[in-house]
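Each chain is listed here by its residues.
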Amino acid sequence: MKTDTNNHRTIHTSSSINDAYDMHESHSHEPLVAQTYNLENFTNKLADAKDDEDEDDDLGSPCGWGPLQPYSLQKFRSARWVLFWLCWAGFLQGLIVNGFINVVITTIEKRYQLRSTESGLIAGGYDIASFLCLIPVSYFGGSRSKPVFIGSGVLVLALGSFVFSLPHYMSDQYSFSTEQEDICLVGSNGTSDCTAGSSVSHLSQYKYVFFLGQLLHGAGAAPFYTLGCTYLDENVPTKMSSVYLGIYYTMAVIGPAVGYVIGGQFLKLYVDIGVDPVELGLTSSSSVWVGAWWIGFIFTALLGILVAIPLTAFPKTLPGAQRIKSEKKTEMHQKLQNSEAVQSGFGTSLRDLPSSFRFLLTNPTFVFLSLAGATEGMLVSGLATFLPKVIESQFSIAASYAAVLVGLVHNTRSRRWYISGRIPS
């Protein structure tokens, strides 16, 4: 009876297993079926555990600054908030470098008696620093926390704006009569008085401070369009990546337009706040007029600090980044899938730098797009820097008005927005 009971139980278990797998009842095959059933259960549990582990890894890192990770900040761990603050960073870079700098370049030439070659070198300081910093920043930042690099870049950009405004505080009040008389007077006894020339020479030494400020601008903006675009692309699906990048670049285009307009308005104010230009017999259309070129840089320095704080709080990976990465791996080119560039740990040391260069230089799409961008920059940079000076000299108009005109010409998209906003409907 006991045996029968056991057989009955055994047959009952075997029957339930056979029902599950659609197999015939067979007492001789019962151990094999049971082992197969247990093995599949074990495999399913392992798969579930791996999925749970992947889900835990896909939760991302918390927001915060080191050990300071407030719970209220965790709701901002999304690609939309990253885009919001990156847009401010791109806007700030365009506002300073492509806006304020180009507007005030002729004013600081007049104020500090700089030659066009010297002002051109100051304007080129941004590109020099970018050239030197882009490769190391993008290479090492690619394997580390990108938001930290971007936020630090905004701080350096803000520091550059503050340094660029220092000559205003380091020099004496503007004296237009001394600045205007850049000649040597010969006396009756044959001696010459060149005191004005020595003053000019002293003022021109501030060109090194301007150049340092531009170097900081270039170094600070280095991670914006390398690590910033990469960070967005890593955390948004492929179909939305172009939308996010389009919004980001749009804000970078609006920045210079706003810089031209606001910078032109600042130039209508006299350079020394507290001094009444009317008492000096000056107006904004006077040939010796120098506007308040420094106000915009103080404003952007403070704004840069405010933008850098939230940017550095974002984590290295956002929630869902692992899932997006796995989806994009299926779209990867077959040649790249088999290369060493996708191996774990690649790009974390300088030994991988030559291989990285080789991958880029053998990519024709990347090479020709880079050449196209370099050609465009070569044509536009010089035009944007010296066109206000040409307009001022050729048409004898104020620097503030010339800045507005160049802003309308240089930024086509912003020009349409600007004009449509002022034409009555």
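Cut-offs and rules
- Residues numbered from 1 in each chain as written.
- Predicted model: local features only at pLDDT ≥ 70, side-chain atom pairs only at ≥ 80, totals over all residues.
- Heavy atoms only, no water.
- Phe/Tyr/Trp six-rings, centres within 6.5 Å; stacked < 30°, edge-to-face > 60°.
- Helix = DSSP H or I, 4+ residues; strand = E, 2+ residues; numbered from the N terminus.
- Buried < 20%, exposed > 50% of the residue type's maximum accessible area, 1.4 Å probe, protein only.
- Lys NZ or Arg CZ within 6 Å of the ring centre and 35° of its normal.
- Core = buried A, V, L, I, M, F, W, Y, C linked by side-chain atoms within 4.5 Å.
- Contact = heavy atoms within 4.5 Å.
- Axes fitted to C-alpha atoms, helices over the stretch in contact; angles between N-to-C directions.
- Parallel < 35°, antiparallel > 145°, perpendicular 65-115°, else oblique.
- Nonpolar A, V, L, I, M, F, W, Y, C, P; charged D, E, K, R; others polar.
- Salt bridge = Lys/Arg side-chain N within 4 Å of Asp/Glu carboxyl O.
- UniProt positions renumbered as here; feature names shortened; annotations may be inferred.
- Patch = residues over 30% accessible without salt bridge, like charges linked within 9 Å, V, L, I, M, F, W, Y side chains within 5 Å.
- Areas by Shrake-Rupley, 256 points an atom, 1.4 Å probe, with all protein chains shown as cover.
- Bend = angle between axes of the 7 residues up to and from the residue.

Things to note about the packing of aromatic side chains
Next, step 1: Applying the stated criterion across every chain yields a total of 21 aromatic pairs.
Next, step 2: On the basis of an interplanar angle of 25° and a centroid distance of 5.4 Å, the ring pair of Y225 and Y248 is categorised as stacked. With Y225 in the loop between α8 (207–221) and α9 (227–235) and Y248 in helix α10 (residues 238–266), this residue pair connects regions lying 23 residues apart in the sequence.
Next, step 3: Note on Y225: relative accessible area 27%, which makes it partly exposed.
Next, step 4: The structure contains a cluster of three or more aromatic residues connected by ring pairs, namely F100, Y112, F164, Y206, F210, F266, W293 and F297.
Next, step 5: Sitting over the ring of Y112, R111 keeps its end group 5.0 Å from the ring centre.

As for the nonpolar core
Next, step 1: Counting residues in hydrophobic clusters, the biggest one holds 69 residues, and the most contacted among them are F164, F210 and W293.
Next, step 2: When residues in this core are grouped by element, the largest group, 18 residues, is from helix α3 (residues 79–112).
Next, step 3: Residues within four places of F210 in sequence aside, it is in contact with I108, Y112, L114, I122, F164, P167 and W293.

A look at the packing of α3 against helix α4 (residues 116–141)
Next, step 1: Put simply, α3 and α4 touch, their axes get as near as 11 Å, and they point 170° apart. The angle between α3 and α4 places the two elements in the roughly antiparallel class. For the pair α3 and α4, the contacting residues are Q93, V97, I105 and E109 in the first and S116, S119 and Y126 in the second.
Next, step 2: Looking at side-chain class alone, the contact of α3 with α4 contains three nonpolar, three polar and one charged residues.

Let's talk about unusual backbone geometry
Next, step 1: Of note, the phi angle at Q113 is positive, near 50°, even though the residue is not glycine.
Next, step 2: In this fold, Q113 is placed in the loop between α3 and α4.

Examining the pattern of salt bridges
Next, step 1: A full pass over the atoms with the stated rule returns three salt bridges.
Next, step 2: Measuring nitrogen to oxygen at the nearest pair gives 2.8 Å for the salt bridge that ties E118 to K207. Here E118, found in helix α4, pairs with K207, found in helix α8; they are 89 residues apart in sequence, far enough to count as distant.
Next, step 3: Residue K146 pairs with E234 through a salt bridge whose shortest N-O separation is 3.2 Å. You can see K146 sitting in helix α5 (residues 146–170) and its partner E234 sitting in helix α9, a full 88 residues away along the chain.

As for the UniProt feature "transmembrane region" (unreviewed entry) in the protein chain
Next, step 1: When the UniProt feature table is mapped onto this chain, "transmembrane region" (unreviewed entry) is found at residues 81–101, 121–141, 148–170, 208–232, 244–271, 291–314, 366–387 and 393–412.
Next, step 2: As annotated, residues 208–232 has a helix share of 80% and a strand share of 0%, and its two end C-alpha atoms lie 37 Å apart.
Next, step 3: From the first C-alpha to the last, residues 291–314 spans 40 Å; its make-up is 79% helix and 0% strand.

Regarding the environment of G99
Next, step 1: Locating G99 in the fold gives a position in helix α3.
Next, step 2: Sequence separation between G99 and G264 is 165 residues, and the spatial gap between their C-alpha atoms is 9.8 Å.
Next, step 3: Those residues in contact with G99, other than ones at most four positions away along the chain, are G94, P256, G259 and Y260.

Describing a nonpolar patch on the surface
Next, step 1: Side chains of W65, L68, L155, I305 and I309 sit close together on the surface and give an oily, nonpolar patch of about 450 Å² of accessible area.
Next, step 2: If you trace the backbone, L68 turns up in the loop between α2 (30–57) and α3.

Brief notes about α3
Given 3.6 residues per helical turn, the α-helix brings residues three or four places apart onto the same face.
Next, step 1: Taken as a whole, α3 carries its principal kink of about 40° at I105.
Next, step 2: Note on α3: the residue one or two positions beyond its end, Q113, has a positive phi of about 50°.

Considering the environment of A79
Next, step 1: With respect to the helices and strands, the residue A79 is situated in helix α3.
Next, step 2: Along the sequence, A79 and D233 sit 154 residues apart, while their C-alpha atoms lie 9.5 Å from each other.
Next, step 3: With residues near it in sequence (within four places) discarded, A79 still touches L232, N235, V236, Y244 and L318.

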